[in-house]
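# Coordinate inspection notes
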Amino acid sequence: MLNVYLIPFVSLFRDQGAAETRSFSTRGFPGLPDDDYALFESYCPDPECDCRRVMLNVMGRHQGKEYLASISFGFDRAAELAGPFLDNLNPQSRYALSLLEAVEQILADPAYVARLESHYRMVKQAAADSSHPVQTVLKRWRSDAPSNVGSRQKRKKKQSRRR
Ligand SMILES: [Zn+2]
């Protein structure tokens, strides 16, 4: 699950995303700078795919705009790849392992996991509903996704040949 194939929850549901994005502060956590960390959720927006996962992208308030860790977590806890684990398709910072430890503690909170699962359902329902207002965001996202880059380049080539 590469981040570029996933859509940030906040880009679909701005207000709710801002209100319900989990954050935590560290003081003397082993291996981590003291900071406020936010867990930005990304979900697979393919309505045909029931992957039942979330990607948690960790950002530190005082550590720039790069993700410090991308953590994959599945809602089917008995599944082989349930996680949480550091997603090796995405770049990880030197703090990633310590962040994984911190996030494991947060994921022990059933209320938080239930919230993630309800966000997942919101994304899938919106993606499946052609009249949902987030469809415009999804359409833009799909046309920017790397899987479509090839066909877009081909289209461009055709256009330039016609000129
Ligand atoms: Zn999926």
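Right, let's walk through the structure included here. Just so it is clear, the structure is predicted and the values come from calculations on it, not from any experiment.

### Concerning helix H4 (residues 110-128)
Relative to the 27 Å expected for 19 residues at 1.5 Å per residue, H4 spans 27 Å between its end C-alpha atoms, a close match to the ideal helical length. Among the residues of H4, Leu116, His119, Tyr120, Val123, Lys124 and Ala127 are the ones counted as buried. The buried side chains of H4 occupy one side of the element, clustering within an arc of 135° when seen end-on. Structural note: H4 exposes Pro110, Ala111, Ala114, Ser118, Arg121, Gln125 and Ala128 on the side pointing more than 90 degrees away from its buried face. In this structure, the buried residues of H4 make contact with helix H1 (9-12), strand E3 (36-43), strand E4 (53-60) and helix H5 (135-144).

### A word on the pairing of E3
In terms of residue burial, E3 counts as a mostly covered element, since 6 of its 8 residues are buried. Bridge count between strand E1 (residues 7-8) and E3: 2 bridges; the pairing is antiparallel. The residue bridging Ile7 from the neighbouring strand is Tyr43, located in E3. Two strands pair when backbone bridges link them, and strand E2 (residues 22-25) and E3 are joined in this way by 4 bridges, in the antiparallel orientation. Within E3, the position partnered with Ser25 by the bridge is Asp36.

### So, the nonpolar core
Among the nonpolar cores identified, the biggest contains 27 residues, and Tyr43, Leu56, Val58, Ala69 and Leu99 are the most heavily contacted of them. Contributions of two or more residues to this core are made by H1, E3, E4, strand E5 (69-74), helix H3 (96-106) and H4. With sequence-adjacent residues up to four places away left out, Tyr43 is seen in contact with Leu6, Ile7, Phe9, Val54, His119, Tyr120 and Val123.

### Description of unusual backbone geometry
Each neighbour pair has its own omega, and for Gly83 with Pro84 the value is 5°, a cis peptide bond. In this fold, Pro84 is placed in the loop between E5 and strand E6 (85-86). The phi dihedral of Arg52 falls on the positive side, at around 50°, and the residue is not glycine. Tracing the chain through its elements places Arg52 in the loop between E3 and E4. The class of Arg52 is partly exposed, set by 17 C-beta atoms lying within 10 Å.

Conventions and cut-offs
- Residues numbered from 1 in each chain as written.
- Predicted model: local features only at pLDDT ≥ 70, side-chain atom pairs only at ≥ 80, totals over all residues.
- Helix = DSSP H or I, 4+ residues; strand = E, 2+ residues; numbered from the N terminus.
- Expected span 1.5 Å × (residues − 1).
- Buried ≥ 20, exposed ≤ 12 C-beta atoms within 10 Å, placed from the backbone.
- Arc of directions from axis to C-beta.
- Contact = placed C-beta atoms within 7 Å.
- Pairing = 2+ DSSP bridges.
- Core = buried A, V, L, I, M, F, W, Y, C linked by C-beta atoms within 7 Å.

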